[in-house]
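Survey of secondary and tertiary structure
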Amino acid sequence: SCYGGLGGAAVHAIALGNVRRLRALLRPSIAVIGCGGVDSGEAAFRHLLCGASAVMVASALLHEGVGVFARVEAELRGIMASKGYSAVADFQGKLREPAAPQQRAAAPCAGLAPPATNGRSSVGGG
């Protein structure tokens, strides 16, 4: 018998949301492992930024072999250096909420009152 599943880049966005949600719900002493689409230093950075305690590499390991670990680590270190981070703890779990969207200007007809019904409902032809 053979079992399969969906993984890799196809689940990366969902995995990030799950890491973020679990980190918010669980005690800090419980580790959250980020898995899903960790095929680069950037992907590992995103998982850590969402609050992962560690990341798991699976699909990329199957495609690339054990060399993927050194590559992902080097890319992650490069990202950290470019952003001025010296340790994972400097950014781990520190994803900021997006800024509130600007209030949209009222629609041109927003101030108009609904049509008068003379006290009767227009539903059902009434």
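On a predicted model such as this, the values are computed, not experimentally measured, just so you know.

The rules behind these values
Residues numbered from 1 in each chain as written. Predicted model: local features only at pLDDT ≥ 70, side-chain atom pairs only at ≥ 80, totals over all residues. Heavy atoms only, no water. Helix = DSSP H or I, 4+ residues; strand = E, 2+ residues; numbered from the N terminus. Buried < 20%, exposed > 50% of the residue type's maximum accessible area, 1.4 Å probe, protein only. Contact = heavy atoms within 4.5 Å. Areas by Shrake-Rupley, 256 points an atom, 1.4 Å probe, with all protein chains shown as cover. Core = buried A, V, L, I, M, F, W, Y, C linked by side-chain atoms within 4.5 Å. Expected span 1.5 Å × (residues − 1). Arc of directions from axis to C-beta. Axes fitted to C-alpha atoms, helices over the stretch in contact; angles between N-to-C directions. Left-handed = near helix turned anticlockwise from the far one by under 90°. Nonpolar A, V, L, I, M, F, W, Y, C, P; charged D, E, K, R; others polar. pLDDT = per-residue confidence, 0-100.

So, the overall build of the protein chain
Looking only at helices and strands, the protein chain has four helices and two strands in total. Along its sequence from the N terminus, the protein chain presents helices and strands in the succession α-β-α-β-α-α. When burial is assessed residue by residue, the protein chain has 25% of its 126 residues classed as buried. Sequence separation of 24 or more characterises 54% of the internal contacts of the protein chain that already satisfy a separation of 6 or more. About 9200 Å² of surface is accessible on the protein chain, with carbon and sulfur atoms providing 59% of the total.

Regarding the nonpolar core
Ranked by internal contacts, the top residues of the largest apolar core, which has 18 residues, are Phe45, Leu76 and Phe91. Residue assignment for this core shows that the elements contributing at least two residues are helix H1 (12-25), helix H2 (41-49) and helix H4 (67-83). When residues in this core are grouped by element, the largest group, five residues, is from H4. When residues no more than four places from it in sequence are discounted, the contact partners of Phe45 are Leu76, Ile79, Lys83, Tyr85 and Phe91.

Some thoughts on H1
For H1, spanning 14 residues, the distance from its first C-alpha to its last is 20 Å, which sits close to the expected 20 Å at 1.5 Å a residue. Among all positions in H1, only His12, Ala15, Leu16, Val19 and Arg23 are buried. For H1, the angular spread of the buried residues around the axis is 100°, confining them to a single face. Summarising the geometry of H1, the exposed residues directed more than 90 degrees from the buried face are Ala13, Ile14, Arg21, Ala24 and Leu25. Packed against the buried residues of H1 are strand S1 (33-35) and H2.

Re the packing of H2 against H4
The N-to-C vectors of H2 and H4 enclose an angle of 65°; their axes lie 7 Å apart at closest approach. As for how H2 packs across H4, the hand of that crossing is right-handed. The segment H2 lies against H4, with Gly41, Glu42, Ala44, Phe45 and Leu48 engaging Val72, Glu75, Leu76, Ile79 and Lys83. Of the residues belonging to the contact of H2 with H4, the class tally is six nonpolar, one polar and three charged.

With respect to the confidence of the model for the protein chain
Put simply, the protein chain has an average pLDDT of 84, and 79% of its residues get 70 or more. Confidence drops under pLDDT 50 across residues 106-117; counting only partners more than four residues distant or on other chains, this segment forms zero contacts. With pLDDT under 50 throughout, residues 120-126 is counted as low confidence; its partners more than four residues away or in other chains account for two contacts.

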